[in-house]
Amino acid sequence: MNARTARLAKLLNQAEAWLPIYLERTGGLSREKKGIRPSELFFFFALVAPLKPARIVESGRARAQSTLVLSRLFPKARIVSLEADSRSPDVALAAERLRGCENVECLFGDSLRLLPELVQVGDVVLIDGPKDFRALKLAFRLLAGGKPTAVFAHDLWRGSPARKFVDRYLPAALLSDDRQWVERYATLDFKKPLPPFESSGRHWAYGATLGCFEKQAANYGRCLLQCSAAQGADRLRETARKILGRPPTVRPKDFEPQLGS
């Protein structure tokens, strides 16, 4: 049994005990069609709840759907939410949604610059902006500093360059599109069950995917260097594609099922 399989087995065992609490605390909340899925937020909750963090730091608030859920899921924790664009029309919507959430602190600024200064020892971090290699590099930078207990990165689409990097260099990392997790908890996202994996070639495109990177689970300083090299190589490939006039690669997110369908 490899490290990811063993960790996933432990997560699946503990998740069932946390599911009633998740459903109770999130019942009746409004839901956006975009953003982090309920099954992904439950993935986060099942991993983080046993840690009892004093603070959760979120990067990428947008309309505050996830921020609101985090506030309800962790009522005793301080939720520090960082958003880049203070002039976005989403700001007013987020403020309205978070009205009455006394454990939420909303900040504005560049996550790449501010998160390394903001994160404290024992924090759990959720990155939903920036994306792709930039998100991974930020996660590894934070973890290499030794402060956060775990860092989660969203939008690690299966087949994307950033996801291929994770699969190659961090094989023990837990991912919310793991087959066993999806088979058990996709019902949190959809009004009707998804088809069996064996009957749908596109089923593996399910979900934007949340990745969990835990403290001391890897040499994150080395991962940061490897990630920078992989990002550079991906940029060269993309430049060559444009020069040669080749069409962009169709990635799994183009086939993502619609929430509630």
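The model shown is predicted, which means the values in this text are computed figures rather than measured ones.

Caption draft 1: Geometry of the overall build of the chain. When helices and strands are counted, the chain shows nine helices and seven strands. The contacts in the chain between residues at least 6 apart in sequence include a share of 79% that link residues at least 24 apart. Roughly 13400 Å² of accessible area belongs to the chain as shown, and the carbon and sulfur atoms make up 52% of that amount.

Caption draft 2: Main features of the side chain of Ser111. With respect to the helices and strands, Ser111 occurs in helix H5 (residues 111-118). Residue classification places Ser111 among the buried positions, given a relative accessible area of 7%. Ignoring any residue separated from it by four or fewer positions in sequence, one finds Ser111 in contact with Ser59, Leu82, Pro116, Gly129, Pro130 and Leu138.

Caption draft 3: Inspection of the packing of H5 against helix H6 (residues 132-144) at higher detail. Packing of H5 against H6 leaves a shortest axis separation of 10 Å and a crossing angle of 20 degrees. It follows from the interaxial angle that H5 and H6 lie roughly parallel. In this structure, the crossing between H5 and H6 has a hand that is right-handed. Contact with H5, carried on its side by Ser111, Leu112, Leu115 and Pro116, involves Arg134, Leu138, Arg141 and Leu142 of H6 and no other residues of that element. Residues belonging to the contact of H5 with H6 are distributed by class as follows: five nonpolar, one polar and two charged.

Caption draft 4: The sheet that holds strand E2 (residues 78-83), seen in detail. Strands sit in the order E3-E2-E1-E4-E5-E7-E6 across an open sheet of seven strands; the sheet is mixed. Where the open sheet ends on each side, the last strands, each with one partner, are strand E3 (104-108) and strand E6 (174-175). In the sheet, strand E1 (residues 55-59) pairs with strand E4 (residues 124-127) via four bridges, with the strands oriented parallel. Note on E4: the bridge partner recorded for Val57 is Val125.

Caption draft 5: View of the nonpolar core. In terms of nonpolar packing, the biggest core is built from 40 residues, with Phe42, Phe43, Phe44, Phe74, Phe152 and Trp181 touching the most fellow members. Among the secondary structure elements, those contributing two or more residues to this core are helix H1 (3-26), helix H2 (38-48), helix H3 (65-73), E4, strand E5 (150-154), helix H8 (179-185) and strand E7 (210-214). When neighbours within four sequence positions are excluded, Phe44 is seen to be in contact with Ile56, Leu70, Phe74, Val124, Leu126, Phe152 and Leu210. The next biggest cluster of nonpolar side chains, apart from the first, holds 29 residues, and it includes Leu82, Leu115, Val166 and Leu170.

Caption draft 6: Focus on the pattern of salt bridges. Within this structure, the stated rule accounts for 12 salt bridges. One salt-bridge network, held together by shared partners, links Arg158, Arg163, Asp167 and Asp177.

Caption draft 7: The packing of aromatic side chains, seen in detail. Counting across every chain of the model gives 16 aromatic pairs. For the pair Phe44 and Phe74, a centre-to-centre distance of 6.1 Å together with 90 degrees between the ring planes defines the contact as edge-to-face. Taken together, the positions of Phe44 in helix H2 and Phe74 in the loop between H3 and E2 put the pair 30 residues apart, joining distant regions of the chain. Seen from their ring centres, Phe140 and Tyr220 are 5.9 Å apart, and the 25 degrees between their planes marks the pair as stacked. With Phe140 in helix H6 and Tyr220 in helix H9 (residues 220-244), this residue pair connects regions lying 80 residues apart in the sequence. Among the aromatic residues, those joined into a ring-pair cluster are Trp18, Tyr22, Phe42, Phe43, Phe44, Phe45, Phe74, Phe152, Trp181 and Tyr185. For Arg61, the ring lying beneath its charged end belongs to Phe108, and the centroid distance is 4.8 Å.

Caption draft 8: Structural detail: the side chain of Asp155. Along the chain, Asp155 turns up in the loop between E5 and helix H7 (161-169). Given a relative accessible area of 13%, Asp155 falls into the buried group.

The rules behind these values
- Residues numbered from 1 in each chain as written.
- Predicted model: local features only at pLDDT ≥ 70, side-chain atom pairs only at ≥ 80, totals over all residues.
- Heavy atoms only, no water.
- Helix = DSSP H or I, 4+ residues; strand = E, 2+ residues; numbered from the N terminus.
- Contact = heavy atoms within 4.5 Å.
- Areas by Shrake-Rupley, 256 points an atom, 1.4 Å probe, with all protein chains shown as cover.
- Buried < 20%, exposed > 50% of the residue type's maximum accessible area, 1.4 Å probe, protein only.
- Axes fitted to C-alpha atoms, helices over the stretch in contact; angles between N-to-C directions.
- Parallel < 35°, antiparallel > 145°, perpendicular 65-115°, else oblique.
- Left-handed = near helix turned anticlockwise from the far one by under 90°.
- Nonpolar A, V, L, I, M, F, W, Y, C, P; charged D, E, K, R; others polar.
- Pairing = 2+ DSSP bridges.
- Core = buried A, V, L, I, M, F, W, Y, C linked by side-chain atoms within 4.5 Å.
- Salt bridge = Lys/Arg side-chain N within 4 Å of Asp/Glu carboxyl O.
- Phe/Tyr/Trp six-rings, centres within 6.5 Å; stacked < 30°, edge-to-face > 60°.
- Lys NZ or Arg CZ within 6 Å of the ring centre and 35° of its normal.

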